[in-house]
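# Fold and contact review
Read off the chains here:
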Amino acid sequence: MESYEFVFDVAIIILVTKVFSIMSKRVDMPQVVGSLVAGLLLGPSILNLVQPSDFLSMLSELGVIVLMFSAGLQTDISELKKSGKAAFFIALIGVLVPLAGGYALAAAFNGGGDPLKNMFVGTVFTATSVSISVETLKEMGKLSTRSGNAILGAALIDDVLGLILLTLITSASSGNVSIWLVMLKIAAFFVMTLIMGYFLHKLIQKWMVSARWNRKRFAVISIAFCFFYAYVAETFFGVADIIGAFCAGLIIANTARAIYVQSQCETLSYMFLSPIFFASVGLKVVLSSMDARVMVLAVVSIVVAIVTKVVGCGLGAKMFHYTNAESLRIGVGMISRGEVALIVANKGIASGLMDPVFLAPMVLMVVASTIVTPILLRAVYPKSPAKDYSDLVHSDLVENFEEVKQFDEAAQTMLEIHNKLKGDAPQGLRHKESAGETSSEGGKPVAQNHKKCPKKNPGEV
């Protein structure tokens, strides 16, 4: 008889990760922390209810691809250019210093070891999770300050630089292939992405503008394009699939329906794929294998992760004449590693570029840096007097970052209004609505007695 154990695994992972995510939110912690704890709880380390499997690994890989596609959709290249040299050099030094720190730590732990594997551990340390710092700064009313803008711009550039570094290392590890051939294939991929991306962006924009209303086909075809581009990157160019997914997001970003596509992808990711990815990382951690040496490695990893980001990004900020206080705030705002570091670590384990013994310390480093960032941000930002706007600056990057959340809130508000109006309508009218036609696109009932719908602009949502 065919086993349906995988159905149980998926059900319990989604349920338990959601419960722990809610608990994390209640204590003012990022939900990713709750998802990781759920994986640890369900896995071999504690309850042993769910075992790592090929099926979960494949779903986890899909989750990573969708996460990186979503990150690409949120990245506006034109706005990153406007963020200037300061954000670029803050990100660059904020990548190089943690890379060196992580490399030195891995080399010390391995007694030298393979330089490529040490470099990969360093790559895990380079990542920055923009979402944690942004949410904290928004709550404090500091996102639109000079330092808040620098954190947002540098964190986005940081991820791009980290992904390029990941591409170089994973491609260079391909057996006996010439490093020059590897570099040529990487260059060919990015040249193709730049040229084709320009024309595809124009074509996609024209296609999306042709419709008068958001259609589900936009999200469906966009996600198919994401998976196709990820496949092409990995299979034909030796570039990691997550890089292909990120580039696919960049191509669709800033088109007429990009916000709508982003909201639909986040639904898929939030409801199904992301919980499985984060829980799968927790499932792979075997706490019983953490002897005293590994525990020391975990503690040192946390210290290195915090210090290298503060020093690297703070130094980059000082080079561009930010004050000492602003430089410290920028450095602290870049500490959180979050989901990006987990994606890189997971890729390292799958490709054999990272020893499994490093996984538990890296997970603990991610959790600790994610927890400590909001605490330290609140400590380094002074409490401003009421109605003090002297430090605020305008930023299109900040406004663009808010658009997807505003879209979701507007959609929820419209749904609530619709339900309320439907509930207040006379019973006969409600009966007619329920018997009305069904639209071909959304499966939504269309009331038969509606006269005319107001015309909407192409950009309206």
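What counts and what doesn't
- Residues numbered from 1 in each chain as written.
- Predicted model: local features only at pLDDT ≥ 70, side-chain atom pairs only at ≥ 80, totals over all residues.
- Heavy atoms only, no water.
- Helix = DSSP H or I, 4+ residues; strand = E, 2+ residues; numbered from the N terminus.
- Buried < 20%, exposed > 50% of the residue type's maximum accessible area, 1.4 Å probe, protein only.
- Contact = heavy atoms within 4.5 Å.
- Areas by Shrake-Rupley, 256 points an atom, 1.4 Å probe, with all protein chains shown as cover.
- Expected span 1.5 Å × (residues − 1).
- Core = buried A, V, L, I, M, F, W, Y, C linked by side-chain atoms within 4.5 Å.
- Patch = residues over 30% accessible without salt bridge, like charges linked within 9 Å, V, L, I, M, F, W, Y side chains within 5 Å.
- Salt bridge = Lys/Arg side-chain N within 4 Å of Asp/Glu carboxyl O.
- pLDDT = per-residue confidence, 0-100.
- Polar contact = N/O pair within 3.5 Å; in protein donor to acceptor, adjacent residues only side chain to side chain.
- Bend = angle between axes of the 7 residues up to and from the residue.
- Axes fitted to C-alpha atoms, helices over the stretch in contact; angles between N-to-C directions.
- Parallel < 35°, antiparallel > 145°, perpendicular 65-115°, else oblique.
- Left-handed = near helix turned anticlockwise from the far one by under 90°.
- Nonpolar A, V, L, I, M, F, W, Y, C, P; charged D, E, K, R; others polar.
- Phe/Tyr/Trp six-rings, centres within 6.5 Å; stacked < 30°, edge-to-face > 60°.

### Observations concerning the overall build of the chain
When helices and strands are counted, the chain shows 18 helices and two strands. Each of the 461 residues in the chain was classed as buried or not, and the buried ones make up 47%. Sequence separation of at least 24 residues holds for 80% of the intrachain contacts in the chain that already meet a minimum separation of 6. Accessible surface for the chain amounts to roughly 22,700 Å². Of this, 66% is attributable to carbon and sulfur atoms.

### Topic: helix α1 (residues 5-26)
For α1, with 22 residues, the first-to-last C-alpha span of 32 Å sits near the 32 Å given by 1.5 Å per residue. All of the buried residues in α1 are Asp9, Val10, Ile12, Ile13, Val16, Thr17, Phe20, Ser21 and Ser24. Elements that come into contact with the buried residues of α1 comprise α2 (31-42), α3 (54-73) and α12 (258-284). Looking one or two places after α1, you find aspartate 28, whose phi comes out positive at around 65 degrees.

### Observations concerning the nonpolar core
In terms of nonpolar packing, the biggest core is built from 92 residues, with Ile13, Phe69, Val124, Phe189, Ile242 and Leu342 touching the most fellow members. Beyond its immediate sequence surroundings of up to four residues, isoleucine 13 is in contact with Leu42, Val50, Leu56, Pro275, Ile276, Ala279 and Leu283.

### Focus: a nonpolar patch on the surface
On the surface, Tyr4, Phe6, Val7, Phe55 and Met58 cluster together into a nonpolar patch covering about 490 Å² of accessible area. Looking at the nonpolar patch, the elements with two or more residues in it are α1 and α3. Within the element layout of this structure, phenylalanine 6 appears in helix α1.

### Remarks on the pattern of salt bridges
In this structure the tally under the stated criterion is five salt bridges. In this structure, lysine 347 engages glutamate 61 in a salt bridge whose closest nitrogen and oxygen atoms are separated by 3.5 Å. Note that lysine 347 is positioned in helix α15 (residues 338-351) and glutamate 61 in helix α3, a separation of 286 residues in sequence. Using a relative accessible area of 15% as the deciding quantity, one classes lysine 347 as buried. A residue is classified by how much of its surface remains accessible, and glutamate 61, at 23% relative accessible area, is partly exposed. A salt bridge links aspartate 241 to lysine 347; the shortest N-O distance between them is 3.0 Å.

### Overview of the side chain of serine 280
Topologically, serine 280 is positioned in helix α12. Those residues within four positions of serine 280 in sequence are excluded, and the remaining contacts are Leu56 and Ser60.

### Concerning the confidence of the model for the chain
Averaged over all residues, the pLDDT of the chain equals 80, while 79% of them reach at least 70. Confidence drops under a pLDDT of 50 for residues 429-461, and excluding neighbours within four residues, the segment shows 34 contacts in the predicted structure.

### So, the environment of serine 269
Here serine 269 shows up in helix α12. With 206 residues separating them in the primary sequence, serine 269 and glycine 63 have C-alpha atoms 6.6 Å apart. Those residues in contact with serine 269 that sit more than four places away from it in its chain are Val66, Leu67, Ser274 and Pro275.

### Description of the side chain of arginine 257
Position of arginine 257 among the secondary structure elements: in the loop between α11 (241-252) and α12. A polar side-chain atom of arginine 257 sits 3.2 Å from the main-chain carbonyl oxygen of methionine 208.

### Some points on helix α16 (residues 359-380)
Here α16 spans 31 Å end to end across 22 residues, near enough to the 32 Å set by a 1.5 Å rise per residue. Taken as a whole, α16 carries its principal kink of about 30 degrees at threonine 373; the proline proline 374 stands between one and four residues after it.

### What to know about the packing of helix α10 (residues 216-237) against α12
At a minimum axis distance of 9 Å, the contact between α10 and α12 shows a crossing angle of 65 degrees. On the basis of the axis angle, α10 is roughly perpendicular to α12. Of the two elements, α10 crosses α12, and the hand of that crossing is right-handed. Residues Lys216, Phe218, Ala219, Ser222 and Ile223 of α10 form the contact with α12, whose own contacting residues are Tyr260, Val261, Gln264, Cys265 and Leu268. Split by residue class, the contact of α10 with α12 holds seven nonpolar, two polar and one charged.

### A word on the packing of aromatic side chains
Any two aromatic rings considered together are summarised by their centre-to-centre distance and by the angle between their planes. A complete count under the given rule lists 13 aromatic pairs for this structure. One aromatic cluster is present, built from ring pairs that chain together Phe189, Phe190, Phe225, Tyr229 and Phe237.

### Focus on the environment of lysine 117
Looking at the secondary structure, you find lysine 117 in helix α6 (residues 115-126). C-alpha of lysine 117 to C-alpha of threonine 170: the two residues are 53 residues apart in sequence and 9.9 Å apart in space. When near neighbours in sequence (up to four residues on either side) are disregarded, lysine 117 contacts Gly352 and Leu353.

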